[in-house]
Amino acid sequence: MKQAELTIPDNPIEISNVATAFNQLIKEQKEAIEREKQFITNASHDIRTPLAAIRGHVQLIKRRGESHPEVIPNSIDFIDKESKRLETLSNQLLTLEREDLTTPKEIINLSELLLYEIEKVQLLTTFEFITEVKNDVSYFGRKGEFQQIFQNLIENAIKYSPGETEIKIALEETTSTIIFTVSDYGLGISDKEKKRVFERFYRVDNSRTSQTEGSGVGLSIVEKIVSSYRGTIDIKNNEPKGTIFKVNLPKM
Ligand code: ADP
């Protein structure tokens, strides 16, 4: 949290400026505390819900497994899926809470890494991927972090778009920057929501109500990683509809 740094002047106008700045700092601190509280509430909810469901299925197997063995495979599938979700969530929460300083940085071939990530998801979906990936774009960083950036943005494009639409993925390089873009023709994000989707656990209403899986932490992770490389991430509207996520990374 930001620390208040105020020197006390003797001029009345300056005193009034200091008071305004002080009030502003208090307001920011209060908002930060509120966000932390909300974060804990949301995290507990997102952990408790799958846990309750897992326990429910365990009870079901215990009560009826012997007399009705046909309930077992469905319950096991459910437990498997929900426990994987919990595992992902707890890994995401750890990533949000601490920067990975243990894995050393190395020169990564981002082009190869990205093409590999695209190939992995391509096998599982009916989306058409248009790739414009410049060859041998390299960057000094941690592979795991770039995998998270690529996976989160590509998976979101899939999750929030109707099947069989196009998803465009580009990796470009200028003398000073590396630019990674994912464009989709999906639900889109309103201007009001654009500011909020990077908040931890924030999900746009229509995605909460629709059946997409997710807990609203993916984009906070992407933003955290991108900022740790002093990069930026922007959201624009795609034409005629959908979203463009653009990551800019400065070359070191
Ligand atoms: P999650 O996908 O787990 O909900 P994220 O942090 O990755 O969480 O995204 C936050 C929210 O931003 C999503 O719930 C969704 O409402 C919105 N969003 C993210 N990517 C897209 C996209 N490509 N198109 C439309 N909405 C999106």
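Sequence order as written defines residue numbering, which begins from 1 separately in each chain. Local features in this predicted model are restricted to residues whose pLDDT is 70 or higher, and side-chain atom pairs enter the listing and the counts only when it is 80 or higher, whereas totals over whole chains, interfaces and linings include all residues. Excluding hydrogens and water, the side-chain values take into account all heavy atoms of the structure.

A. Local environment of the packing of aromatic side chains. Centres within 6.5 Å are what make two rings of Phe, Tyr or Trp a pair, Trp counting through its six-membered ring; a difference in plane orientation under 30 degrees is then read as stacked, over 60 as edge-to-face, and the rest as tilted. Evaluated as defined, the whole model comprises 4 aromatic pairs. Each ring, one from Y139 and one from F146, has its centre 5.6 Å from the other, and the planes form 70°; the classification is edge-to-face. On the accessibility criterion, Y139 (3% relative accessible area) is buried. Aromatic side chains F146 and Y229 sit 5.1 Å apart centroid to centroid with 55° between the ring planes, which places their arrangement in the tilted category. Here Y229 lies in the loop between helix 7 (218-228) and strand 6 (232-237) and F146 lies in helix 4 (residues 143-159), a separation of 83 residues in the sequence. Residue burial is assigned from relative accessible area. The probe radius is 1.4 Å, only protein chains are included, and a residue is buried under 20% of its type maximum, exposed over 50%, and partly exposed in between. Of the residues examined, F146 reaches a relative accessible area of 1% and is grouped as buried. Overall, Y229 belongs to the buried group, its relative accessible area being 1%. Segments assigned H or I by DSSP are reported as helices when at least four residues long, segments assigned E as strands when at least two residues long, and all are numbered from the N terminus.

B. Representation of a nonpolar patch on the surface. Patch rule: a residue counts if its relative accessible area is over 30% and it has no salt bridge; like charges are joined within 9 Å, and nonpolar side chains (Val, Leu, Ile, Met, Phe, Trp, Tyr) within 5 Å. Accessible areas in this description were obtained via Shrake-Rupley with a 1.4 Å probe; residue shielding takes into account the shown protein chains only. Salt bridge criterion: a side-chain nitrogen from Lys or Arg within 4 Å of a carboxyl oxygen from Asp or Glu. Together, I107, F140 and M252 make up an exposed nonpolar region whose accessible area comes to about 360 Å². With respect to the helices, strands and loops of the structure, M252 is situated in the segment after strand 7 (243-250).

C. Here's a closer look at the nonpolar core. Buried Ala, Val, Leu, Ile, Met, Phe, Trp, Tyr and Cys residues that are joined via side-chain atoms within 4.5 Å together make up what is termed a nonpolar core. F146, I149, L153, I154 and F180 are the most contacted members of the largest nonpolar core, which totals 47 residues. We call two residues in contact when some of their heavy atoms are within 4.5 Å. The residues contacting I149, other than those within four sequence positions of it, are F180, V222, I225, V226 and V247.

D. Quick peek at the pattern of salt bridges. Following the criterion strictly, the structure yields 10 salt bridges and no others. Taking the shortest distance from any N to any O, the salt bridge between K84 and D80 comes out at 3.1 Å. Pair noted here: K84 and D80 are both in helix 2 (residues 71-97), with a separation of 4 residues, about one helical turn. Among the residues examined, D80 registers a relative accessible area of 38% and is labelled partly exposed. E145 serves as the salt-bridge partner of R142, at 3.5 Å between the closest nitrogen and oxygen. Take R142 and E145: they sit in the same class, and that class is buried. When salt bridges with common partners are traced through the structure, they connect K134, E173 and K251 into a single cluster.

E. Examining the packing of helix 3 (residues 110-122) against helix 4 more closely. Two elements in contact, helix 3 and helix 4, have axes separated by 10 Å at closest approach and are oriented at 40°. Between helix 3 and helix 4, the crossing angle belongs to the class labelled oblique. Relative to helix 4, the crossing made by helix 3 is right-handed. Note on element contacts: helix 4 touches helix 3 through K143, F146, Q147, F150, Q151, I154 and I158, opposite L110, L113, L114, E117, I118, K120 and V121. Amino acid classes used here: Ala, Val, Leu, Ile, Met, Phe, Trp, Tyr, Cys and Pro are nonpolar; Asp, Glu, Lys and Arg are charged; the rest, including Gly, are polar. Residues belonging to the contact of helix 3 with helix 4 are distributed by class as follows: 9 nonpolar, 2 polar and 3 charged. Whenever a helix is involved, its axis is fitted only over the stretch in contact; in every case the axis is a line through C-alpha atoms, and angles between N-to-C directions fall within 0 to 180 degrees. Put simply, angles under 35 degrees are roughly parallel, angles over 145 are roughly antiparallel, angles from 65 to 115 are roughly perpendicular, and the rest are oblique. By convention, the crossing between two helices is left-handed when the near helix turns anticlockwise from the far helix through less than a right angle, and right-handed when the turn is clockwise.

F. Summary view of the environment of L115. Position of L115 among the secondary structure elements: in helix 3. Between the C-alpha atoms of L115 and T243, which are 128 residues apart in sequence, the distance is 21 Å.

G. How the structure looks around helix 2. Between the first and last C-alpha of helix 2 there are 39 Å, a value that for 27 residues agrees with the 39 Å anticipated at 1.5 Å per step. Turning to helix 2, its buried residues number three or more, namely V71, S75, I79, E82, L86, L89, Q92, L93 and L96. Check the buried side of helix 2 and you find it contacts helix 1 (12-64), helix 4 and helix 7. Multiplying 1.5 Å by the residue count of a helix minus one yields the expected span of that helix.

H. How the structure looks around the confidence of the model for the protein. Scored by pLDDT, the protein comes out at a mean of 89, with 94% of its residues at no less than 70. At the level of chain-chain contacts, confidence expressed as ipTM amounts to 0.99, with global pTM at 0.79. Per residue, pLDDT measures the predictor's confidence, with a range of 0 to 100.

I. Local environment of the pairing of strand 7. Relative to strand 7, strand 5 (residues 177-184) is paired through 7 bridges, and the arrangement is antiparallel. If you follow T177 over to strand 7, its bridge partner there is P250. Strand pairing is assigned whenever DSSP detects at least two bridges linking the two strands. When strand 6 meets strand 7, the two strands line up antiparallel, connected through 6 bridges. Note that in strand 7 the partner of K236 across the bridge is I244. Hairpin connection from strand 6 to strand 7: 5 residues lie between these consecutive antiparallel strands, with G242 at a positive phi of about 105°.

J. The sheet that holds strand 5, seen in detail. The strand order across the open sheet formed by 5 strands is 2-4-5-7-6, and the pairing between neighbours is mixed. Strands with a single pairing partner mark the edges of an open sheet, and in this sheet they are strand 2 (128-133) and strand 6. Taken over all neighbouring pairs, the strand axes of this sheet differ in orientation by 10° on average, direction set aside. As defined by bridge partners, strand 4 (residues 166-173) adjoins strand 5 across 7 bridges and the pair is classed as antiparallel. Its bridge partner lying in strand 5, A170 is registered against T181. Against the sheet, helix 3 engages strand 2, strand 4 and strand 5, with an angle of about 175° to strand 2. Packing against the sheet, helix 4 makes contact with strand 2, strand 4, strand 5, strand 6 and strand 7, and its axis sits at approximately 25° to strand 5.

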